[in-house]
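The lines below spell out each chain.
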Amino acid sequence: MTPFRFITLNAAIGLMIVIMSLLLFSSINANAAFLLSDLENSAQILSLPSRSTDHTHPPRVITNNSVVPDISEQFLREVFSGKMRYWPDGKAITVVVLDHDSALHQAFIQLRLRMFPYQVQRIWNKRIYSGRADPPIVVNDINAMRNTVVNTPGAIGYLPFSAGQ
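As the structure is a computational prediction, the values presented were derived from the model and not from experiment.

Asker: Lay out the environment of Asp134 in plain terms, naming residues and giving numbers.
Answerer: Tracing the backbone shows Asp134 in the loop between α4 (117–129) and β3 (137–139). Separated by 10 residues in the primary sequence, Asp134 and Trp124 have C-alpha atoms spaced 8.8 Å apart. Filtering out sequence-adjacent residues up to four positions away, Asp134 remains in contact with Trp124 and Ile128.

If you want it as structure tokens, here you go:
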């Protein structure tokens, strides 16, 4: 192969890599914008029949523990990523979440934890498969979320902001 052909081939491969990167980056941005708009539009589906959903507030946290520390963003991030496993009183924390496709779950992760759902899922997978954490309990709807948290000692979960106790 001549040096001219070698340089031409390398330039063509480099150009293809740049073009593919730009196409991939633009499709990721378009998908992210679509997901955020879809999340805002589907928030109405999550409301309880007798109550209206307040779109201005993030989902609220519910717990089944009398000793609840300051519920900061950092605390929630550590609990819902499996890093913090025990309450200050020594009881085990049981994390209860909705299915990862749920709009409320995605809103909770994005608005309360300030992360993306895929990041949280990746952290959980690492912790579960390394034996450092038990998987969260996954429930189907907000009524099951409420019942599971109320009936499980040390449980923590989330509900829409406007959902009653």
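Asker: Could you give an account of the sheet that holds β3, with specific residues and numbers?
Answerer: Hydrogen bonds between backbone atoms are what pair the strands of a sheet, whose relative direction is either parallel or antiparallel. Reading across the sheet, the four strands line up as β1-β4-β2-β3 and stay open at both edges, with mixed pairing between neighbours. With one partner strand each, in any of the chains shown, β1 (60–63) and β3 form the two edges of the open sheet. Sheet twist, expressed as the average angle between the axes of neighbouring strands with direction ignored, equals 30 degrees.

Asker: I'd like a description of the packing of aromatic side chains, backed by residues and values.
Answerer: Following the criterion strictly, the structure yields five aromatic pairs and no others. Note on Phe80 and Phe108: the rings are 4.8 Å apart at their centroids and 65 degrees apart in plane angle, and the pair reads as edge-to-face. Residue Phe80 is located in the loop between α2 (73–79) and β2 (94–98), and its partner Phe108 is located in helix α3 (residues 103–111); the two are separated by 28 residues in the primary sequence. Considered together, Phe80 and Phe108 belong to a single accessibility category, that of buried residues. Ring centres of Phe80 and Tyr158 lie 6.1 Å apart, and the angle between their planes is 55 degrees; on these two criteria the pair is classed as tilted. Here Phe80 is found in the loop between α2 and β2, whereas its partner Tyr158 is found in strand β4 (residues 155–159), with 78 residues between them in sequence. For Phe80, a relative accessible area of 2% puts it in the buried group. The structure contains a cluster of three or more aromatic residues connected by ring pairs, namely Phe80, Phe108 and Tyr158.

Asker: Tell me about helix α5 (residues 142–151), residues and numbers included.
Answerer: An α-helix turns once per 3.6 residues; consequently, residues spaced three or four apart project the same way. Burial in α5 covers these residues: Ile142, Met145, Arg146, Thr148 and Val149. Against β1, β2, α3, β3 and β4 lie the buried residues of α5. The N-terminus of α5 is capped by Asp141, whose side-chain oxygen sits 3.3 Å from the backbone nitrogen of Asn143.

Asker: Can you explain the pattern of salt bridges? Please cite residues and give values.
Answerer: For the structure shown, the criterion picks out two salt bridges. The shortest N-O distance in the salt bridge between Glu73 and Arg77 comes to 2.5 Å. Of this pair, Glu73 and Arg77 both sit in helix α2, four residues apart, which is roughly one turn of that helix. Note on Glu73: relative accessible area 32%, which makes it partly exposed. Looking at Arg77, the relative accessible area reads 22%, which means it is partly exposed. The residue Glu73 makes a salt bridge to Arg114 at a minimum N-O spacing of 3.1 Å.

Calculation criteria
- Residues numbered from 1 in each chain as written.
- Predicted model: local features only at pLDDT ≥ 70, side-chain atom pairs only at ≥ 80, totals over all residues.
- Heavy atoms only, no water.
- Helix = DSSP H or I, 4+ residues; strand = E, 2+ residues; numbered from the N terminus.
- Contact = heavy atoms within 4.5 Å.
- Pairing = 2+ DSSP bridges.
- Axes fitted to C-alpha atoms, helices over the stretch in contact; angles between N-to-C directions.
- Phe/Tyr/Trp six-rings, centres within 6.5 Å; stacked < 30°, edge-to-face > 60°.
- Buried < 20%, exposed > 50% of the residue type's maximum accessible area, 1.4 Å probe, protein only.
- Polar contact = N/O pair within 3.5 Å; in protein donor to acceptor, adjacent residues only side chain to side chain.
- Salt bridge = Lys/Arg side-chain N within 4 Å of Asp/Glu carboxyl O.

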